[in-house]
Structure formats: C-alpha cells, structure tokens
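Fold and contact review
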Amino acid sequence: MKKKEFPQLGEAYFEQRLENGMMVRVVEKPGFAKKFAFVAANFGSIDTKFRLNGVSYETPDGVAHYLEHKMFDLPEGNAMELFAQNAGSNNAFTSYTMTAYYVECTEHFEENLSILLRLVTTPYFTEESVEKERGIIAQEIKMYDDSDGNVVQENLFRAMYLHHPARVPVAGTVESIQDITARTLYDCHRAFYDPSNLILCVIGDVDAAKVVEQAARETPKDSVGIAERDYGPAEPMTAAQPHIEARMEVAMPTFAIGFKCEPADAGNELLRMEFLGSMAAELLAGESSALYTRLYESGLIDADFSVDYERMKGLALLEAAGDSDDPDAVLEALLEEAQRIARTGVDRAQFARLKKSMLGRRLRELDSFENTCYRICAFHMDGVDYYDYPAVFDTVTPEDVEQFLAAVVQRERAAISIVYPKE
C-alpha cells in the first residue's frame, strides 16, 4: 500500500491494487463521524456492444441499469434490508459510463462494507426475479418519459449523434428491456463486474490498511479480464440534425442546445479539456457573463438557465439549457457572442476572477464525501488522478478559451432540442 500526498490541496490517500486487479483508495479523515464507501464499475448504459475472451456480445439497451436493480438480490436476502440492519444508508445509480453502489454510516462500518462488497461481486438472478423487475423498470422509464427535463436532454443526444450509444436513454426503452434475461445479466456481470474493472473508494475515520485487507479477503481471487467495448464509428463534428422538438404538458418551452466538441484524449489532457470546456462555458454564458445578463434582462432566459461542458467515452459537448419563449433566439445569441469573443478576446480580469472562483468551488466540493468518491472513481476510469486538478487547471489560458469557443460554437456543430407546451 502506498500513500499519495497532494500538498496544494492538503489531501492524501492510500492506494492499493489487489491481486485480483481491484483498485482500492482510502482517504483517512480522523475525527469525522461519517464513513462512506463507494464501489464503481466501469460499466454504463453505452456499453451494450463488447467482446470478451473472443466472443462478441450485443445486449439490449438499458441492461446496465437493469443489472443495477437486480444486484441487490443476494442468496441470503435483499441487500437493502441487510444495510438497514446495520444502520447503513445506501443507494446506487447508473449513468452513461458508470454503475455505482455506496453506503454511509456512523457505526458498523466493517459490516456495511462487507455487504457492499458482496453485493457487487455476487450475481444472483433467476428468470422469475428478472421478469418481476421488468414491470418496475418499465414504470420508471414511463416516469422519465413524462419529465420534460429528461425528454429534452435525451432528444438532444438523439439529434446530435449519428452512431454513439448515448443516443439511447440510460434506462433503455419499454420495448428494449423486454429482451433482457437472467442470462443477459450474468453475461454483463462477468464482463464488467470483474474485480479488475472495479474501484473501491472509502472516506472517513477508518484505517486504510484494514480496509485494504477486508477488500482483499471479501472479493473474488481471480480475474477473467476486461471486455473490449465498441461504440461504433467516430462521430463527425457536424450535428446529425440541427433541430428536434416534442410537445408536453409544460407552461413554457424548455430547451437544450449542444455544440459538438472533439473527444478529449485520456490522461491529464482529458482533465485539462474538462476545465477548459467548463471555463469556456462560464465565460460565454455563465451567470457572471455579459451575455447572461443581457438574456436575463431581456426575458429570453430565467434563473434556471445553465451552461456547461460534458464528456463521456467517444464524445464531448458544450451545452446550454433552460426555459425560454424563444429558444432559437438564445441559440443565435450564443453564436454571436462566441464570434465576438473570438474577435475581441477574453477579458483577462474576468478570466482571472472566474478561474479563482472555479478552483474555489472544486476545493469546497472536497467536503462532500459522496462527490469526492465519485470524482476519484470517474477520473480513475479515464486514467486520471483527480487530485492533480490544481496543477492541470493552472495550464488553461485565455488564449485556450478563445480558440475553443471559436472552433466549437459553430452553427454546423449545433443542435437544439425543444419541448413546447401542448397546443
């Protein structure tokens, strides 16, 4: 076990890769009452096509989310009930790129960690239990379909991308989940819940050596290898279709605008691009920008408007979203402002203030155990040490932002998704 220290943050963690390939990272926080354990599988909704040990698989959309639901079934009972017996508060989620399970507690930490490790490494599915879950997940999908926020986001990805599996909702569709069987779940668990594809992150008043010892003792001894993923051909930088719309029971139109970005490389360049994209988004139309003020005062946007940079394996985008009576006018304003910044340059004083503000927000986020575990795990999956971010952030310059906006905020790269009120 080795200790990695980050003096600029005043943080450190202990790290050990187990013999079975599982990565364990522990952030000791003496004196804190809460203990938090987070296990992440490098497996999300976009991982539906893969090869393992020479065999090709193509699974139904929504399988990662379906598997997350069924992992709580153990031979000895439901894991949620076991956590409750040990005063553990637990949850799980599936994203486009990750499935994660976590528990927090102030007592019985070893017992709760044991349940968590057993949960993610013990597949236990029957055709009867899988069939029973189908109706529950179908209702969840219908609930998402009734949310204008979900619909506008999912439609945006459908409009922007030709091939990438992000075009499909994380939970799949009511139709796609009909083809998921116990065999499907066992295949995906074997391919993606291998110890070498998992990371355990623990934060709290714990002994790192004991955590590592317990993880080594209570996880499988062998690894079958990691599946090779297939996300289809590389995406062109032009949007698949510039406009997509739907009608729902909403008071006013809600929208999401996306601009395609080149996918970032792995390693610290990926971390740098995330900071650069976030900085560019803030300078273009963040709350402290001149454009935000103009749009807000003119009534084109309200306080729900947001702009940010998002990425996942094989894609990246700059996105603006909110409510507006004229979403197309917001798109035109973004295009014009990006051109203005390209001509006149970024205000250096504003850039310096924003850089300090963004760094400060990241530092404050370290107070959240859940957020810190998530970022440590997510960046580890991309070959990045999240705690390196202050040094990487320092390399972003105003010129970088100007070049980024000039290249990315272009009409041919843009797609707009709008949900209008029903007539």
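That block above? That's the structure.
Calculation rules
- Residues numbered from 1 in each chain as written.
- Predicted model: local features only at pLDDT ≥ 70, side-chain atom pairs only at ≥ 80, totals over all residues.
- Heavy atoms only, no water.
- Helix = DSSP H or I, 4+ residues; strand = E, 2+ residues; numbered from the N terminus.
- Contact = heavy atoms within 4.5 Å.
- Buried < 20%, exposed > 50% of the residue type's maximum accessible area, 1.4 Å probe, protein only.
- Pairing = 2+ DSSP bridges.
- Salt bridge = Lys/Arg side-chain N within 4 Å of Asp/Glu carboxyl O.
- Core = buried A, V, L, I, M, F, W, Y, C linked by side-chain atoms within 4.5 Å.
- Expected span 1.5 Å × (residues − 1).

**Describing the side chain of Asp 382**
For Asp 382, the position within the fold is in the loop between α12 (369-381) and α13 (389-393). Setting aside chain neighbours within four positions, we find Asp 382 in contact with Ala 266, Gly 267, Leu 270 and Arg 311.

**Remarks on the pairing of strand β9 (residues 89-94)**
As a general feature of sheets, a regular strand has side chains that alternate between the two faces. The two faces of β9 differ: Asn 90, Ala 92 and Thr 94 on one face are buried, but Ser 89, Asn 91 and Phe 93 on the other face are not. Sheet topology note: the β9/strand β10 (residues 99-105) ladder contains 6 bridges and is antiparallel. For Phe 93, the partnering residue across the bridge sits in β10 and is Ala 100. Hairpin connection of β9 to β10: 4 residues between the antiparallel strands.

**What to know about the environment of Gly 135**
As for its placement among the helices and strands, Gly 135 is situated in helix α4 (residues 127-145). Along the primary structure Gly 135 and Gln 178 are separated by 43 residues, whereas in three dimensions their C-alpha atoms are 9.6 Å apart.

**Concerning the pattern of salt bridges**
Overall, the coordinates contain 29 salt bridges when judged by the stated rule. The partner of Glu 218 in a salt bridge is Arg 217, with the nearest N and O atoms 3.7 Å apart. Glu 218 sits in the partly exposed class, given a relative accessible area of 26%. Between Asp 382 and Arg 311 there is a salt bridge whose closest N-O contact spans 3.0 Å.

**What about the nonpolar core?**
In terms of nonpolar packing, the biggest core is built from 74 residues, with Phe 259, Leu 318, Val 401 and Phe 404 touching the most fellow members. Looking at which element gives the most residues to this core, the answer is helix α8 (residues 268-285), with 11 residues. Of all hydrophobic cores here, the second largest spans 56 residues; its members include Ile 115, Leu 119, Ala 191 and Val 206.

**Quick notes on α12**
Taking 1.5 Å per residue as the helical rise, α12 with its 13 residues ought to reach 18 Å, and the 18 Å between its terminal C-alpha atoms agrees with that figure. Among all positions in α12, only Phe 369, Thr 372, Cys 373, Arg 375, Ile 376, Cys 377, Ala 378, Phe 379 and Met 381 are buried. Those residues of α12 hidden inside the fold are in contact with β3 (23-28), β4 (35-41), β11 (198-204), α8, β15 (306-312) and α11 (348-365). Taken from the residues just after α12, Gly 383 is the one with a positive phi, measuring 75 degrees.

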